[in-house]
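# Structural features, examined
Listed here are the chains, written in short residue letters.
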Amino acid sequence: MRDEILLNMDNPRQLEKLYRGNRPTFRTAFNDLYPQLRNNPLAEGWNERLNFGQEDLFWGTPRERVFVVAASLLAAFLAKLPELLSLNKEFFYTRNVGFIVFPILIAYFGWKNQIPKKTVAWLSVFILVAVGFINSLPQGKPGDTLILSCIHLPLWLWSLLGFTFGGGNLKARVNWLGFLRYNGELAVMTALLLIAGGLTTGLTIGLFELIGWHIQDFYFNNVVVCGLAAVPIVGTFLIQVQPTLVSKVSPVIANLFSPVALVVLVVYLVATLFSGKDPYHDREFLLLFNALLVGVMALIFFSLAENTSPAGKNSAQILILFLLSLVTLLVNGIALSAVLFRITEWGLTPNRAAVLGANVLMLSHLIYMSMRLLSALTRKSDLALVGRSMAFFLPVYSLWSGVVAFLFPLFFGFR
């Protein structure tokens, strides 16, 4: 939408079409762009029109509401399949949890973006092949490759969602930065919905307890399970039709938690030196170290996605993100050296190969991103280039998650 507005700033008729086609998104995109369009008389007029008074809340078109209700019911049905078909719950959820929500969200954005039927066909084939593959893996004692496939398959589905979110066109540039921003906003909206759902759950169970009805088991097995499956879908719908609900909250959260994460990470590294913990010989501590690394990387992505707009250029925030990326580089270097040490000492296993590949990717990404942040900090380049550096690596992560999910079981003999 931002690109369309900039492209048509001298075309009032097309701007009106864009506005009527998607009013909330147009308003949010225009307000983000307005600081750089102040000298344009048409932009001044649109600014007064959009911000003169409070507009009524827009809850999407009737078709969108029907789609979301149907999609939520479908997600709830998929979440209840083990009970309806007497399936093993552990078998079903560990292998198929990603298929409860991601294909539905892919269908939603495919419908919203009107992606070509050919693209819909091969996306459907990919998802069906993935369903068949993960459920055909040996059922005996869970091996490392099975666990790795179950972990990386949702990540691969997440990348398909990003492709569909960005327009589903291989020839065009996929809006990966916008997809990261959407994920951050969805996380905020999901947290709000879960808080509201938790309060409702407590109130409902408490009221029924007062009249002697013990509904905990029924409520959690039905209402809570179905509600959790529907939350990402409802959250996505709310973000799309009411983008201003969280668009101002997400940057605040990103700017607040970045310095906190920097301080905590530095203190944690110093404390590690005195704790006697050794990632080179302690496998559990190494796994925790890598989980910390992934979490900090996600925070950096979220912060950058929320601060690459013209209004988000803040030197202090860029400095904090640059320092955070440097400290994360140190964490990544320790984790990578520990993985290489364990491979040298005890040989290559599926887990070590997966962690090694992920650490190499993250190290390369962090170096590239840190260089871009340094350039933005010294005013040698625009902050938008940092966003592009993030987007450049996301398809590579998608490729790696696909390799681990689909090829590792074959490479390592399903062990």
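Reading the values: the criteria
Residues numbered from 1 in each chain as written. Predicted model: local features only at pLDDT ≥ 70, side-chain atom pairs only at ≥ 80, totals over all residues. Heavy atoms only, no water. Helix = DSSP H or I, 4+ residues; strand = E, 2+ residues; numbered from the N terminus. Rg over C-alpha atoms; globule rule 2.2 N^0.38 Å. Buried < 20%, exposed > 50% of the residue type's maximum accessible area, 1.4 Å probe, protein only. Contact = heavy atoms within 4.5 Å. Areas by Shrake-Rupley, 256 points an atom, 1.4 Å probe, with all protein chains shown as cover. Lys, Arg positive; Asp, Glu negative; His and termini not counted. Charge placed at Lys NZ, Arg CZ, Asp CG, Glu CD. Phe/Tyr/Trp six-rings, centres within 6.5 Å; stacked < 30°, edge-to-face > 60°. 1 Å grid on protein atoms, 1.4 Å probe; cavity = no way out; pocket = protein on both sides within 12 Å on 5 of 7 lines; lining within 4 Å. Points joined across faces, edges and corners; volume = space filled by probe spheres on them. Nonpolar A, V, L, I, M, F, W, Y, C, P; charged D, E, K, R; others polar. Salt bridge = Lys/Arg side-chain N within 4 Å of Asp/Glu carboxyl O. Patch = residues over 30% accessible without salt bridge, like charges linked within 9 Å, V, L, I, M, F, W, Y side chains within 5 Å.

### A word on the overall build of the protein
Across its full length, the protein holds 17 helices and zero strands. For a compact globule of 415 residues, the expected C-alpha radius of gyration is about 22 Å, and the protein comes in at 23 Å, within 12% of that figure. Summarising its shape, the C-alpha atoms of the protein cover approximately 70 × 60 × 50 Å along the three principal directions. Counting all 415 residues of the protein, 45% fall into the buried class. Pairs at least 24 residues apart make up 77% of the contacts formed inside the protein by residues separated by at least 6 positions. When the accessible surface of the protein is summed, it comes to about 21800 Å², and 67% of that surface belongs to carbon and sulfur atoms. For the protein, the distance from the average site of its 31 positive side-chain charges to the average site of its 22 negative ones is 7 Å.

### Quick word on the packing of aromatic side chains
All chains considered together, the criterion is met by 30 aromatic pairs. Ring plane angle 70 degrees and centroid distance 5.0 Å describe the contact between phenylalanine 109 and phenylalanine 165, whose orientation is recorded as edge-to-face. Taken together, the residues span a long stretch of sequence, with phenylalanine 109 in helix α7 (residues 89-113) and phenylalanine 165 in helix α9 (residues 144-165) at a distance of 56 residues. The class of phenylalanine 165 is buried, set by a relative accessible area of 17%. Grouping aromatic residues by their ring pairs yields a cluster made of Phe67, Tyr108, Phe109, Trp111, Trp158, Phe165, Phe179 and Tyr182.

### Let's talk about the environment of arginine 2
Position of arginine 2 among the secondary structure elements: in helix α1 (residues 2-7). Each C-alpha atom of the pair arginine 2 and threonine 190 lies 25 Å from the other, and the pair is 188 residues apart in sequence.

### A few points about the side chain of threonine 145
Inspection of the secondary structure puts threonine 145 in helix α9. Judged by its relative accessible area of 2%, threonine 145 falls in the buried class. What threonine 145 contacts, discounting residues up to four positions off in sequence, is Pro350, Phe408, Pro409, Phe412, Phe414 and Arg415.

### Observations concerning the layout of surface pockets
What the second largest pocket holds in volume is close to 1200 Å³. Taken together, 35 residues line the second largest pocket, and the ones lying closest to its centre are His152, Leu155, Val294, Ala358 and Met362. When residues of the lining of the second largest pocket are traced back to their parent elements, those giving at least two are α9, α10 (176-210), α14 (283-305), α16 (350-377) and α17 (384-411). No other element matches the ten residues that α14 contributes to the lining of the second largest pocket. Tallied by class, the residues present in the lining of the second largest pocket amount to 24 nonpolar, nine polar and two charged.

### Observations concerning the pattern of salt bridges
Taken as a whole, this structure holds four salt bridges when the rule is applied. Where glutamate 16 meets arginine 49, a salt bridge forms, and the shortest distance between an N and an O atom there is 2.7 Å. Here glutamate 16 is found in helix α2 (residues 12-21), whereas its partner arginine 49 is found in helix α4 (residues 41-51), with 33 residues between them in sequence. The residue lysine 112 makes a salt bridge to glutamate 64 at a minimum N-O spacing of 2.6 Å. On the criterion of sequence distance, the pair formed by lysine 112 in helix α7 and glutamate 64 in helix α5 (residues 62-79) is long-range, its members being 48 residues apart. Overall, lysine 112 belongs to the partly exposed group, its relative accessible area being 28%. Bridged by salt links that share partners, the residues Glu16, Arg20 and Arg49 form one connected network.

### Quick notes on unusual backbone geometry
You will see that serine 86, though not glycine, has its phi angle at about 55 degrees, which is positive. The topology assignment puts serine 86 in the loop between α6 (81-84) and α7. Given a relative accessible area of 66%, serine 86 falls into the exposed group. Positive phi values are uncommon outside glycine, yet glutamine 114 reaches one of about 50 degrees. Counting through the fold element by element, glutamine 114 comes out in the loop between α7 and α8 (117-136).

### Some thoughts on a nonpolar patch on the surface
The grouping of Leu74, Phe77, Leu84, Leu85 and Leu87 at the surface amounts to a nonpolar patch, some 470 Å² of accessible area in total. Mapped onto the secondary structure, leucine 84 falls in helix α6.

### Some words on the environment of leucine 146
Take leucine 146: it is sitting in helix α9. Judged by its relative accessible area of 13%, leucine 146 is buried. Along the backbone, leucine 146 and valine 270 are 124 residues apart, and their C-alpha atoms lie at a distance of 36 Å. If we ignore the near neighbours within four places in the chain, the residues touching leucine 146 are Arg95, Leu137 and Pro138.

### Some remarks on empty space enclosed by the protein
Enumeration over the complete set of coordinates arrives at one cavity of 30 Å³ or more. There is about 30 Å³ of room inside the largest cavity. As for the largest cavity, its lining consists of Thr94, Arg95, Gly98, Phe99, Ile134, Ser149, Cys150, Leu153, Pro154 and Leu157. Listing elements by their share of the lining of the largest cavity, those giving two or more residues are α7 and α9.

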